[in-house]
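A closer look at the structure
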Amino acid sequence: MIDAGNTAWLITATALVLFMTLPGLSLFYGGLVRAENLLSVLMQCFGIACLVSVVWLVCAYSLAFSGGGAWIGDLSKALLSGMPRDAVAANTTLPETVFFMFQMTFAIITPALIVGAFVERMKFSAVLLFTLLWVLLVYVPVTHWIWGGGWLAERGLLDFAGGLVVHLTAGVTALVLAVLLGPRLGFPDEVKPPHAPWMTMVGACMLWVGWFGFNAGSALTAGADAGMAMTVTQISAATATLVWIGIEWAKFGKPSLVGAVTGTIAGLATITPASGFVGPGAALIIGLVGGAVCYFMVGVVKRRFKIDDALDVFAVHGVGGAIGILLTAVFMDAALGGVGFAEGNSMGAQAAIQLTGIGAVLLWSLVVSFIIAKVVHAVIGLRVSAETEEQGLDLRLHGERGYNM
Amino acid sequence: MIDAGNTAWLITATALVLFMTLPGLSLFYGGLVRAENLLSVLMQCFGIACLVSVVWLVCAYSLAFSGGGAWIGDLSKALLSGMPRDAVAANTTLPETVFFMFQMTFAIITPALIVGAFVERMKFSAVLLFTLLWVLLVYVPVTHWIWGGGWLAERGLLDFAGGLVVHLTAGVTALVLAVLLGPRLGFPDEVKPPHAPWMTMVGACMLWVGWFGFNAGSALTAGADAGMAMTVTQISAATATLVWIGIEWAKFGKPSLVGAVTGTIAGLATITPASGFVGPGAALIIGLVGGAVCYFMVGVVKRRFKIDDALDVFAVHGVGGAIGILLTAVFMDAALGGVGFAEGNSMGAQAAIQLTGIGAVLLWSLVVSFIIAKVVHAVIGLRVSAETEEQGLDLRLHGERGYNM
Amino acid sequence: MIDAGNTAWLITATALVLFMTLPGLSLFYGGLVRAENLLSVLMQCFGIACLVSVVWLVCAYSLAFSGGGAWIGDLSKALLSGMPRDAVAANTTLPETVFFMFQMTFAIITPALIVGAFVERMKFSAVLLFTLLWVLLVYVPVTHWIWGGGWLAERGLLDFAGGLVVHLTAGVTALVLAVLLGPRLGFPDEVKPPHAPWMTMVGACMLWVGWFGFNAGSALTAGADAGMAMTVTQISAATATLVWIGIEWAKFGKPSLVGAVTGTIAGLATITPASGFVGPGAALIIGLVGGAVCYFMVGVVKRRFKIDDALDVFAVHGVGGAIGILLTAVFMDAALGGVGFAEGNSMGAQAAIQLTGIGAVLLWSLVVSFIIAKVVHAVIGLRVSAETEEQGLDLRLHGERGYNM
Amino acid sequence: MKYIIAVIQPHRLDPVREALAGIGVQGLTVSEVRGFGRQKGQTEIYRGAEYNTQYVPKVKVEIAVDDEIADQVVEAVGNAARTGRIGDGKVFVLPLEGAMRVRTGEMGADAL
Amino acid sequence: MKYIIAVIQPHRLDPVREALAGIGVQGLTVSEVRGFGRQKGQTEIYRGAEYNTQYVPKVKVEIAVDDEIADQVVEAVGNAARTGRIGDGKVFVLPLEGAMRVRTGEMGADAL
Amino acid sequence: MKYIIAVIQPHRLDPVREALAGIGVQGLTVSEVRGFGRQKGQTEIYRGAEYNTQYVPKVKVEIAVDDEIADQVVEAVGNAARTGRIGDGKVFVLPLEGAMRVRTGEMGADAL
Ligand SMILES: Nc1ncnc2c1ncn2[C@@H]1O[C@H](COP(=O)(O)OP(=O)(O)O)[C@@H](O)[C@H]1O
Ligand SMILES: Nc1ncnc2c1ncn2[C@@H]1O[C@H](COP(=O)(O)OP(=O)(O)O)[C@@H](O)[C@H]1O
Ligand SMILES: Nc1ncnc2c1ncn2[C@@H]1O[C@H](COP(=O)(O)OP(=O)(O)O)[C@@H](O)[C@H]1O
C-alpha cells in the first residue's frame, strides 16, 4: 500500500539526488578545470544524465531490479511495460515509478562521477559510448548483486546507499580510464590550477545537501532510519572537512577552500554505505578516517604513481567508499551505537562479507571497464587531438565559450 | 481533511517551482544575454516574482479560483479574507494556503518566461506595468477557464500542469512583444553570443529539477500519479535533449551545451500538459517530437521570419506547450499506456476539445497582450533609448555592473 | 508516535535550511565583497557550518534543548548518547534525530549571518574560535531561554522561527565585531563595490526558497500552520522587495538588484518571528514596515555612525528581527487575522513580554560577544595585516584565487 | 613604420575595423582598457552608497603600419570612432623601428 | 611629446592618479597586466599540489604628455608608486610623434 | 634601449619566457589581447545561429631591453613563438628613450 508521507519524502529525495548531478557535481568538477574546458565538463555530466535516463527506462532498471538471478536481472520490466500506473515497489510503500526514478538518479550520478578522471582530454562521443556500455556492463550487474537480490545480497553484504554500487565502481573505473587515456598535457607540473574554486564550492554545497536525499532517501521511508542517516551524513561530512582543513593548515599554513570541500566529499562518500547502520558517535570516527585517508591517497595516486586521475575520483570516492563498507562491519555493532548484526552474525563474519564485496566489485569494475575502454578506443578513439586539448574542448568540440565577456 | 503526506509534498513542490524562477529561469536567461545586461534580466525575473506575489494575494487568486463563472472567478477570496487559517482547498487534502501558494508559483513563472522575448531592450517600468496587466487580463482568465472550473474545464479540456495556462500564453505573448518592440540593435548578424553558457546550464538544471514540483506537484497528492508524472517528465526531458544534441551534431559537427539544455526545456514544456495522463513509452515519443519540432521552430521564427524573440520563448514554450496539449489526446489512450479517456469520450473528441483550447488561448493571448502592450507603450513607452541599449541596461537602468573584477 | 508526512516535510525543511547557508548565504555575501576576498567569505561560511555541526552534536544541542533549567539546559544528550535510534522528539511526531538536525541548521546559519560584519578583514582562525565560543555562550543559552523551555518561554515570549534566537543575536554581535575590528581600509569612500551582484541575487533566491524550510518548517508539522507560515513569508518578502525598489527608484531613479534582494532579506527576517502567528494581510504590513525601516537603518549605521558593518547584518537582521518580534504582539490578534492571544493574554501584555525578550537578548548578545571578541583578540588577534587586507584574503590566507581565467 | 595606438569607445571598435579594412589594413591588436579623462564614469549605487568609478571602459587598438599610410590610418580611425561626445578617445602615433612576422621571420613592412 | 608607460603595483594606481592630477595630467589609460621579474608570484596550493604562478598582477598606466613635463611625470609616478619592495615596477619613456583627440580632431599637444 | 612588443599565440608564452630567460632577459610584462589578421576566429554556434568572432585570443609580451641585445631578443621570441601556422603573430621594435626602476629610482639600462 502506498504511503503518502514516505512517497512525499522519496519524490523529494529523487529531486535532491538529480540535483546532485545537475548542477551539483557539474559545478564541482567544472570549477576545477581550465576555463576553456568548463563547458565540456558540464556537457559530459549533462549528456550522461540524459543518456542514462533513457537507458534506465529501456532496460537497465529491469536488468538491475527484476528477476531472481544471482548475477543479473531479467527484461520483464523493460520500458516499464506491463507495469500498472499505480504499481507498488516490492517491500516498500512507494509507487514503483518513484522507486524507479530514485534508483535512476543513482545510475546517473555514478558514471558522472567518473568524469573527474578524464576531464580536459576525452572525446565527447567516447564519453557517451563508454557510459552506455559501462552502465549496462558494470553498474547494472553490480547493482543487481547488492540491491537487486543478487549473490552479494544473498550473502548479507551491507551497502546502505552505494559505497560499492556507486563509489567503488566509479573510483576504480576512474583509475582505469586515467591510465588508459594518459595524463593531460603538461601533467604534473604544467597543468592549470582550478579556474573557479568558488564554483567548486557551490557544487560541493549542492552535493552535500543533495546527499541527504542520497543517504536518508535510501531508507525508502520518512522515519527514524532516514533521520539517523541524515544525522550521521552531516556529522561525517563536517568532521572530514575539518580534518582536511586541519591537515592543510598544519602542512601549508593555508587551509584552502578546494581542500575543505574535497574533505566534505570524502566524508560523504565514506559514510554512504554505513549511513543506515551506524550512530552519531561512529560518524565522527568515520569522517575522521575518511578525511585523513582520502587526503593521503590523493598524494599517492597523483604524486607517487603519477596517475592523472584529474579530479581525484579514485582517491576520494573509490577509497572512501571502500573504507565505509569496511567500517560498516565495525560500527553497526549495537555496542557502538549501531543497529546491531543480523541474527547469528558477528563483526568478523560481516567484515568477511564486506571484504568479499569490495574484492568482487573492484575486480569486476577493473576488468570490465578496461575492456570497454579498449573497445571504445578501437571504435572511435578515446582522446582528443593535442591541438584541441591545447585550445580547450569547449570551442573545439562544442563550438562555445564558457565566458564571453 | 488535511493529509500530512500530501501537504509535505505540495509545500516542497511549491518551493521547487519558486526555485524554478528564482534563480533557475533567471540564470537560464541571464547566461544567454550580454554581460552588460545580465543584471537587468535577473531584475526583471525578480521584480515580476515580487509583483505577482502581491497581486496574487490581493485579487488574482480569487479571480482565478473562486466562484463558478464560465469566464472569470469572483473576488470572494480577495486578500484571502474570510478564509479560516485551517481551510482545506476544494477537492484536495491540502490546506488552502498551500494550494494558494502552489498556484502562485505558476502565476510567477509564466510572465517570467516572457522575459526571454524582450531582454536587452525593454524598460523595467514597462516590464512591471505590462506584467501587472497581463497577469490580470491574460493569465487569470485563462487559468479560470482551464483550472478554475471555467468553460474549457466544462468541456473536458485536459491540461495537467500548464501547456496552455503557462506555456502557450507565455509563448504567444512573447511573440507579440518581440514584434512590437522590434529586434535588438544589430539583429540578426551583430547580436552578441550568450555571455555565460555555463550559467544557462545551471539555470536549466534548476528548471529541470524544479519541474518535478511543477508536474508531479500538479497531482496535488504524493502517490502514483505524482510518481508517474515525475517519470514521464524525466524521460521527455532526456529524450528531447538527446534529439537536440543529435541534430546539432549532424548539422554542425559540434553539439553545444546551450543547444542541449534548450532541448531539455523543449522536452519539459512539451510533456507538461500530458504529464498526468500518459505513460513512459509515450514520454519517449513526446520528447522526440517536442525536441525536433521546437528545434525547427527556432529557425523559423528567428531566421525565416526574422522575429527577434530573443531567447526563443515562442518556439520552445509556445510550440512545445501546444504540441503537448495535442499529444495528450493521443497518448492518454489506455491502449498506449495512458490513463484512458473519460467515460464516453474518444481520441477524436478529446483532440477536438484540445484544439479548441489551443485556439481560444492562442487568440486571447494574442489579442489581449497586443492591446496591453499598446497601452503600456502609450503610457510609459516600451523600449529603452539606443544609447542605453548600446551601453547595456545594467548600468543605465539599475546603476550596477554584473561583474566588477 | 512518528508521523511520516510531518517527518518527510521536516527532513526536507532541514535540507532547505542547510541550503540557505550552503551555498545560499555564502553566495549572497560572496557577491558583495571584492573578487580577491570571495573565497575567504565562502570559506568562513563553510568552516562555520562544519564546526557548528560537530559542536552541536558534542554538547550544544543538549545544552539548548535538554533539561528544565531556566537559563541553560544540561548535558544529558551530549553526543546524543543514550538516545535510542527511534526516539521521538518531545511534543512532536518527529524522530528526535530530525529535530536535532533541523535545529542544527539554525545553529549553523546564525553565526554564518555574522560573517557579513567582518568580511574582508578578519582572520580565519579568529572566525573559527569566535564562532565556537559564541555558539556555546550566546546562541545556546538564548535558544534555551526561548525554545528550550527557559525563562522567556515560561513568560510566554513568542518567537516562531527565530527573530530573537537567530536574527537579533546575529545582528547585535555583528555590530560589536564591526566596531571592535574597525572599518575596512578605505571605508567609507574607497571600499570596492560588490564584485558580483548576480551572485548575490542567486544567493538571495536560495535564501528565499530556503526560508520556506526555515519558517514553515518551524511548524514541525506539514499542515495548515506550515501552509500559512509559507504564505506570510512569501508576502512579506515580496512586499519588502517592492518597497526597497520603490525607495531606490524615487531616490536615485535607478532601482538596483542588490537593493531589491536586500529588501527581500529584510522582509524575510522581519516576518520570521511572526510567521506562525499572523495572517496574509498582516504580512503585507510587516513586509512594508520591515523593508522601509531596514532601508533607513542601513544608512544610519553605515553613514551616520560610520560603523563598517560591511554587509549590513545589524540593519537588516537585527532590526528586522526585533521589529518582527514586536509586530507579532500586534498582528497575532485574531481580529487582525492572527491566531489570537493566549488565554487571558492581551496585546499590551504580549507586547511587554516581547519587549522584555528583545531587551534581554540584545543585552546578553552585546555583552557576551564583546567579551568573546576581546578574548579572541588577546589570544590570536582578530584582524589580518594591512598588506593581507590590501592583497585580498583569498591568496594570503587560503592560497587560492576565486577566478583563474 | 609607425605604431599607432588608438583608445576608443568600445562600441566603435567594429566601425573602426571596417574603416581600416577599407584602406587595406588587415591586422590589428585589441585590448580592453580603462580610461581616465574628462569623461567621468557612471556612478554605481549599492544600498544607498554611491561608488563613483572615475574610469570608463575603453578599447585600445594597436596598429603597425607603413609610413605612407600612417596619416590616412589616423584619419580613418578618427572618423570611424568619432561620436562627438566627450570620451571618444585618442589616437597616438609612435615611431616603429622594426617588425617581424613570427610565422615566416619576414622583417620590416612585409611583416605587417 | 612622450608616451610614458608605467607598470606598477595595482594598489598604487589611485596614488599615482592623484599625483598626476596634482601636476595637471588629467588623462591616462590603464590596463591589467601580468608581470614577470625579480618578484615571484604567490604559490597556490590545490589538493596538496603547488602551483607556482611566476607572474604577478600589475597595472599598466599609459600617459601621453608634452615634452616639458615628461621628466616631472616620470618622477611623480615613481614617487607615488614606490613602496620600496621588490616588484614596484618600471616606468618607460617612449617618443611620441603624433596625437589626435578623436572627438574634435585636434592634433598634437592640444589633443592630450 | 628598445621597447619590444610581441603578439603571440597564448600557448607559446611559456616557451618564449624560457627562451628570454636563456639569453638573460628576466623581466617582461604580459597582457591578454584579441588579434585580428589573416587568421580567422572560430565560429561559435548557439541555437543554430552562427557567431563569427573574427578575433583570436593572443598574448602581448612587452620587453624593454638594451640596444645590444635587441635583435637577439627579437630572434629568440620569434623562434620560441613560431609554430609555422597562420596566426603566430608579430614582433615590433620601438625606440625606448628612458626607463626607471620604481623601487630604487635607478634610470636607464640599469632599471631593466
Ligand atoms: N594623456 C593621455 N594619455 C593616455 N590616454 C589618454 C590621455 N588622455 C586621455 N586618454 C584616454 O582617452 C580617453 C578619452 O579622453 P577624455 O578626456 O575622457 O575625452 P576626450 O578625449 O573626448 O576629451 C580617456 O578615457 C583615456 O583612456
Ligand atoms: N625588461 C622589462 N620589460 C618590461 N617590463 C618589465 C621588465 N622588467 C620588469 N618589468 C615589469 O616590472 C615589474 C617589476 O619588476 P621586478 O623585477 O619584479 O621588480 P623591480 O622592478 O622592483 O626590480 C615586473 O613584474 C614586470 O611587469
Ligand atoms: N598591423 C598590425 N598591427 C598590430 N598587430 C597586428 C598587425 N597585424 C597582425 N597583428 C597581430 O598579429 C596577429 C597574427 O597576425 P595574422 O595576420 O593573423 O597571422 P600572421 O602574423 O601569421 O600572418 C593578429 O592576430 C594580430 O594580433
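Everything that follows concerns the structure shown earlier in this document.
Note that the structure is predicted; figures quoted are calculated from it, not measured.

So, about the overall build of chain D. For chain D, the count of helices and strands is two helices and seven strands. Relative to the globule expectation of 13 Å for 112 residues, the C-alpha radius of gyration of chain D, 17 Å, shows a markedly less compact shape. When its C-alpha atoms are laid out on the principal axes, chain D stretches across 60 × 25 × 20 Å. For chain D, buried positions account for 56% of its 112 residues. Put simply, of all contacts in chain D between residues at least 6 apart along the chain, 72% involve residues at least 24 apart. Carbon and sulfur atoms provide 48% of the accessible area of chain D, an area that totals close to 4300 Å². Positive and negative side-chain charges of chain D, numbering 14 and 15 respectively, have mean locations separated by a distance of 9 Å.

Before going further, it helps to spend a moment on the interface of chain A and chain B. Listed as interface residues are 54 residues of chain A and, on the opposing side, 55 residues of chain B. Summed over both sides, the interface of chain A with chain B buries roughly 4200 Å², with 80% coming from carbon and sulfur. If you sort the residues of chain A by the area they bury against chain B, A:Ile11, A:Phe46 and A:Arg85 come out on top, with a joint share of 18%. Between the two partners, chain A and chain B, sit zero salt bridges. Linking chain A to chain B there are 10 residue pairs in polar contact (both at pLDDT 80 or more). Counting residues per element, the ones that place at least two in the side of chain A that touches chain B are α1 (4-30), α2 (38-65), α3 (96-118), α4 (124-147), α7 (197-215) and α14 (393-398) of chain A. It is α1(A) that provides the largest number of residues to the side of chain A that touches chain B, a total of 14 residues.

With that out of the way, let us pick up the pattern of salt bridges. Enumeration over the complete set of coordinates arrives at 46 salt bridges over all chains. Here B:Asp312 ties to F:Arg47 by a salt bridge, and the two come within 2.8 Å at their closest N and O atoms. Placement of B:Asp312 in the loop between α10 (280-304) and α11 (313-331) and of F:Arg47 in the loop between β3 (43-46) and β4 (49-52) is noted, with the two residues assigned to different chains. Both residues of the pair, B:Asp312 and F:Arg47, count as buried. Residues participating in the shared-partner salt-bridge network are D:Glu62, E:Lys60, F:Lys60 and F:Glu62.

Attention shifts here to the relation of the copies chain A and chain B. In this structure, two copies of a chain are linked by a rotation about an axis accompanied by a shift along it. Relative to chain B, chain A is turned by 120 degrees and slid 0.0 Å along the rotation axis, the superposed coordinates differing by an RMSD of 0.0 Å. What the rotation and shift describe, once combined, is the action of a three-fold rotation axis. Ranked by how close their C-alpha atoms come to the rotation axis, the residues of chain A are headed by A:Gly5, at 2.2 Å. Little of the interface of chain A is mirrored in chain B, where only 13% of its interface residues are also at the interface.

Here we come to the site of ligand 1. Around ligand 1, a shell composed of 21 residues is seen, among which D:Arg38, D:Gly87, E:Thr29, E:Ala64 and E:Arg103 lie nearest. Chain contributions to the surroundings of ligand 1 come from chains D and E. Contact distances for ligand 1 include 3.3 Å between a nitrogen atom and a backbone N or O atom of E:Gly27. The backbone of E:Ala64 places a nitrogen or oxygen atom 2.9 Å from a nitrogen atom of ligand 1. Isolated, ligand 1 exposes 550 Å² of accessible area, and the fraction of that covered by the protein chains is 99%. Breaking the shell around ligand 1 down by element, the ones donating at least two residues are β2 (28-36) and β6 (89-95) of chain D together with β2 (28-36) and β5 (56-65) of chain E.

This part takes up the interface of chain E and chain A. Quite often, the size of an interface is put as the accessible area lost when its parts meet. Counting residues at the interface gives nine residues for chain E and 18 residues for chain A. Counting each side, the surface lost to burial between chain E and chain A is near 1100 Å², with a carbon and sulfur contribution of 58%. Three residues stand out in chain E for area buried against chain A, namely E:Tyr46, E:Arg47 and E:Tyr51, and they jointly supply 66% of the buried area on that side. The interface formed by chain E and chain A includes three residue pairs in polar contact (both at pLDDT 80 or more).

This part is about the site of ligand 2. Neighbouring ligand 2 are 21 residues; E:Arg38, E:Gly87, F:Thr29, F:Ala64 and F:Arg103 lie closest to it. Residue E:Arg38 places a main-chain N or O atom 2.9 Å away from an oxygen atom belonging to ligand 2. In the model, an oxygen atom of ligand 2 is placed 3.2 Å from a nitrogen or oxygen of the E:Lys90 side chain. For ligand 2, whose accessible area on its own is 550 Å², the fraction buried by protein is 99%. Of all the elements in the fold, those that place two or more residues in the shell around ligand 2 are β2 and β6 (89-95) of chain E together with β2 (28-36) and β5 (56-65) of chain F. Class assignment for the residues of the shell around ligand 2 results in seven nonpolar, seven polar and seven charged.

What follows deals with a nonpolar patch on the surface. A cluster of nonpolar residues, C:Leu362, C:Leu363, C:Leu366, C:Val367, C:Phe370, C:Ile371, C:Val375, C:Val379 and C:Ile380, forms a patch on the protein surface that exposes about 730 Å² of accessible area. Residue class for C:Val379 comes out exposed when judged on its relative accessible area of 56%.

Within helix α1 (residues 13-22) of chain D, burial applies to D:Leu13, D:Val16, D:Arg17 and D:Leu20. Each buried residue of α1(D) lies within a common arc of 100 degrees when the element is viewed along its axis, so the set occupies one face. Across from the buried face of α1(D), at angles greater than 90 degrees, the exposed residues are D:Glu18 and D:Gly22. Against the buried residues of α1(D) lie β1 (2-8), β2, β5 (56-65) and α2 (67-81) of chain D together with β2 of chain F. Where α1(D) ends, the next residue or the one after it, D:Gly24, has phi of about 85 degrees, a positive value.

Core analysis: the biggest nonpolar cluster contains 519 residues, and A:Trp198, B:Trp198 and C:Trp198 have the highest contact counts within it. Residues contacting B:Trp198, with those up to four places away along its chain left out, are A:Leu38, A:Leu39, A:Leu42, A:Trp198, A:Met199, A:Gly402, A:Tyr403 and C:Trp198. D:Ala111, E:Ile5, F:Tyr3 and F:Ala111 belong to the second largest nonpolar core, which has 27 residues in total.

Residues and elements named next belong to chain C. Where helix α9 (residues 257-271) meets helix α10 (residues 280-304), the closest approach of the two axes is 8 Å, and the angle between their N-to-C directions is 125 degrees. Put simply, α9 runs oblique to α10. Crossing of α9 against α10: the hand is right-handed. Contacts between α9 and α10 pair Ala-266, Thr-270 and Ile-271 from the former with Ala-283, Ile-286, Gly-290, Gly-291 and Cys-294 from the latter. Of the residues in the contact of α9 with α10, the class split is five nonpolar, three polar and no charged.

Glancing now at the side chain of B:Thr388. Residue and element names in this part refer to chain B. Residue position: Thr-388 is located in helix α13 (residues 386-391). A relative accessible area of 7% places Thr-388 in the buried class. Among residues more than four places away in sequence, those in contact with Thr-388 are Leu-393, Arg-396 and Leu-397.

So, about the packing of helix α8 (residues 224-252) of chain A against helix α10 (residues 280-304) of chain A. Each packed pair of helices is defined by two parameters, the angle between the axes and the distance between the axes. All names here are of chain A. Packing of α8 against α10 leaves a shortest axis separation of 7 Å and a crossing angle of 40 degrees. Taken together, α8 and α10 sit at an angle that is classed as oblique. In the crossing of α8 with α10, the sense of the turn from one axis to the other is right-handed. Contact residues: α8 offers Met-228, Val-232, Ile-235, Ser-236, Thr-239, Ala-240, Val-243, Trp-244, Ile-247, Glu-248, Lys-251 and Phe-252, while α10 offers Pro-280, Ala-283, Leu-284, Ile-286, Gly-287, Leu-288, Gly-291, Ala-292, Cys-294, Tyr-295 and Val-298. Of the residues belonging to the contact of α8 with α10, the class tally is 17 nonpolar, four polar and two charged.

This part covers the side chain of E:Asp88. By the secondary structure assignment, E:Asp88 is in the loop between α2 (67-81) and β6. There is no salt bridge for the buried E:Asp88, and the closest opposite charge comes from E:Arg82, which lies 5.6 Å off by N-O distance. A polar side-chain atom of E:Asp88 sits 2.7 Å from a polar atom in the side chain of E:Thr83. Engagement of the side chain of E:Asp88 in a polar contact is seen with the backbone nitrogen of E:Gly84, the distance being 2.7 Å. The contact partners of E:Asp88, leaving out residues within four places of it in the chain, are E:Val7, E:Ile8, E:Gln9, E:Ala81, E:Arg82, E:Thr83, F:Val102 and F:Arg103.

Basis of the calculations
- Residues numbered from 1 in each chain as written.
- Chains lettered and ligands numbered in written order.
- Predicted model: local features only at pLDDT ≥ 70, side-chain atom pairs only at ≥ 80, totals over all residues.
- Heavy atoms only, no water.
- Helix = DSSP H or I, 4+ residues; strand = E, 2+ residues; numbered from the N terminus.
- Rg over C-alpha atoms; globule rule 2.2 N^0.38 Å.
- Buried < 20%, exposed > 50% of the residue type's maximum accessible area, 1.4 Å probe, protein only.
- Contact = heavy atoms within 4.5 Å.
- Areas by Shrake-Rupley, 256 points an atom, 1.4 Å probe, with all protein chains shown as cover.
- Lys, Arg positive; Asp, Glu negative; His and termini not counted.
- Charge placed at Lys NZ, Arg CZ, Asp CG, Glu CD.
- Buried area = accessible area lost by both parts, 1.4 Å probe.
- Salt bridge = Lys/Arg side-chain N within 4 Å of Asp/Glu carboxyl O.
- Polar contact = N/O pair within 3.5 Å; in protein donor to acceptor, adjacent residues only side chain to side chain.
- Least-squares fit on C-alpha atoms with pLDDT ≥ 70 in both.
- Near = heavy atom within 4 Å.
- Nonpolar A, V, L, I, M, F, W, Y, C, P; charged D, E, K, R; others polar.
- Patch = residues over 30% accessible without salt bridge, like charges linked within 9 Å, V, L, I, M, F, W, Y side chains within 5 Å.
- Arc of directions from axis to C-beta.
- Core = buried A, V, L, I, M, F, W, Y, C linked by side-chain atoms within 4.5 Å.
- Axes fitted to C-alpha atoms, helices over the stretch in contact; angles between N-to-C directions.
- Parallel < 35°, antiparallel > 145°, perpendicular 65-115°, else oblique.
- Left-handed = near helix turned anticlockwise from the far one by under 90°.

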